[in-house]
Amino acid sequence: SPNERTQIELMHILRSTTASLQMYEQVMSWHLLSCGLIDRHQSLGSHAQYLSRPRLLKMLYERYNVHPDGYKIDVMVLPYTNARVNVVVNDFAVELKSLLTDPRLCDDDYRNKA
């Protein structure tokens, strides 16, 4: 729905500007108040089209067959520089299932086009 699209775009903007995703509720509250969709005494959940951040993420995980437990973040120390970096490590089985069940992919995507 257009409402879901707007809320997903807000999450993307927050993520791409390195803002905390915890700001999602504050920005949504400001938006609904400034547009007159809720009053100051009402909670965000009282608006019918509001999706909380956890609910929105759960919906996206289900839509794209992604599971938050499919990866973990390991801290590595780089040789020579001794810099500590976060490395995302994916569970191969979860990623393979995600690729094989992605409805956006079709047989033509895997054929040699040469």
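These notes cover the structure that comes with them. (Residues numbered from 1 in each chain as written. Predicted model: local features only at pLDDT ≥ 70, side-chain atom pairs only at ≥ 80, totals over all residues. Heavy atoms only, no water.)

A few points about the packing of aromatic side chains
1) Next: For the structure shown, the criterion picks out 1 aromatic pair.
2) Next: Each ring, one from tyrosine 24 and one from tyrosine 50, has its centre 6.5 Å from the other, and the planes form 25°; the classification is stacked. On the criterion of sequence distance, the pair formed by tyrosine 24 in helix α2 (residues 23-34) and tyrosine 50 in the loop between α2 and α3 (53-63) is long-range, its members being 26 residues apart. (Phe/Tyr/Trp six-rings, centres within 6.5 Å; stacked < 30°, edge-to-face > 60°. Helix = DSSP H or I, 4+ residues; strand = E, 2+ residues; numbered from the N terminus.)

A few points about a nonpolar patch on the surface
1) Next: A surface patch of nonpolar side chains, amounting to about 290 Å² of accessible area, comprises Tyr71, Ile73 and Val88.
2) Next: The residue isoleucine 73 is located in strand β1 (residues 71-77) in this model. (Patch = residues over 30% accessible without salt bridge, like charges linked within 9 Å, V, L, I, M, F, W, Y side chains within 5 Å. Areas by Shrake-Rupley, 256 points an atom, 1.4 Å probe, with all protein chains shown as cover. Salt bridge = Lys/Arg side-chain N within 4 Å of Asp/Glu carboxyl O.)

Quick notes on the pairing of β1
1) Next: Of the pairings in the sheet, the one linking β1 to strand β2 (residues 84-90) comprises 7 bridges and is antiparallel in character. Within β2, the residue paired with methionine 76 across the bridge is valine 85.
2) Next: Hairpin connection from β1 to β2: 6 residues lie between these consecutive antiparallel strands, with tyrosine 80 at a positive phi of about 70°. (Pairing = 2+ DSSP bridges.)

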